[in-house]
Amino acid sequence: NKINRIESDLNNSFNEFSYLSNIKQYGLTPREIQVTTLIKMGKTTKEIAEFFHISPASIDFHRKNIRAKLRLTNKKINLRAHLSFLDE
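Residues numbered from 1 in each chain as written. Predicted model: local features only at pLDDT ≥ 70, side-chain atom pairs only at ≥ 80, totals over all residues. Heavy atoms only, no water.

For the chain, the helix and strand inventory stands at five helices and zero strands. Listed by position from the N terminus, the elements making up the chain come as α-α-α-α-α. Within the chain, contacts between residues separated by at least 24 positions form 51% of all contacts whose residues are at least 6 apart in sequence. (Helix = DSSP H or I, 4+ residues; strand = E, 2+ residues; numbered from the N terminus. Contact = heavy atoms within 4.5 Å.)

So, in structure tokens, the structure goes:
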């Protein structure tokens, strides 16, 4: 029903605002924030590259920078899982 949809939309907006507030503290560029959002949604490097009309190597470059800024370099931590954790 309409009330449930509005409530769901508000919760999604609040969650996205909370995520963006948490992620901004790491000094990510606007493009890196866009990439993290798509990674969090479960998109692959190839899918993200197609979405932005750039090469998968460019997305790999962004992923490397994101991992460095989140202090995940040389750690066996799944980036998507870590980004989802920042949502909480």
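A few words now on the packing of helix α2 (residues 30-40) against helix α3 (residues 45-52). As a packed pair, α2 and α3 sit with axes 10 Å apart at the nearest point and diverge in direction by 130°. Judged on the interaxial angle alone, α3 and α2 are oblique. For α2 against α3, the interelement crossing comes out right-handed. Taken together, the residues of α3 that come into contact with α2 (itself represented by Arg31, Gln34, Val35, Leu38 and Ile39) are Ile48, Phe51 and Phe52. (Axes fitted to C-alpha atoms, helices over the stretch in contact; angles between N-to-C directions. Parallel < 35°, antiparallel > 145°, perpendicular 65-115°, else oblique. Left-handed = near helix turned anticlockwise from the far one by under 90°.)

Attention now goes to the packing of aromatic side chains. Per the counting criterion, the structure on display carries one aromatic pair. Aromatic side chains phenylalanine 51 and phenylalanine 52 sit 5.0 Å apart centroid to centroid with 80° between the ring planes, which places their arrangement in the edge-to-face category. Classification of phenylalanine 51 as exposed rests on a relative accessible area of 55%. Above the face of the phenylalanine 52 ring, arginine 31 is positioned so that its terminal group lies 4.0 Å from the ring centre. (Phe/Tyr/Trp six-rings, centres within 6.5 Å; stacked < 30°, edge-to-face > 60°. Buried < 20%, exposed > 50% of the residue type's maximum accessible area, 1.4 Å probe, protein only. Lys NZ or Arg CZ within 6 Å of the ring centre and 35° of its normal.)

Glancing now at the environment of leucine 83. Residue placement: leucine 83 occurs in helix α5 (residues 79-86). You can call leucine 83 buried: its relative accessible area is 0%.

What follows concerns the pattern of salt bridges. According to the stated counting rule, one finds one salt bridge in the structure shown. Lysine 69 is the partner of glutamate 32 in a salt bridge, and the nearest nitrogen-oxygen pair spans 2.8 Å. Within this pair, whereas glutamate 32 is found in helix α2, its partner lysine 69 is found in helix α4 (residues 56-69), the two being separated by 37 residues in sequence. Accessibility expressed as a relative area gives 28% for lysine 69, which makes it partly exposed. (Salt bridge = Lys/Arg side-chain N within 4 Å of Asp/Glu carboxyl O.)

Notably, arginine 71 is not glycine yet its phi reads approximately 60°, a positive angle. Looking at where arginine 71 falls in the secondary structure, it is placed in the loop between α4 and α5. The phi dihedral of asparagine 74 is positive, around 60°, even though this residue is not glycine.

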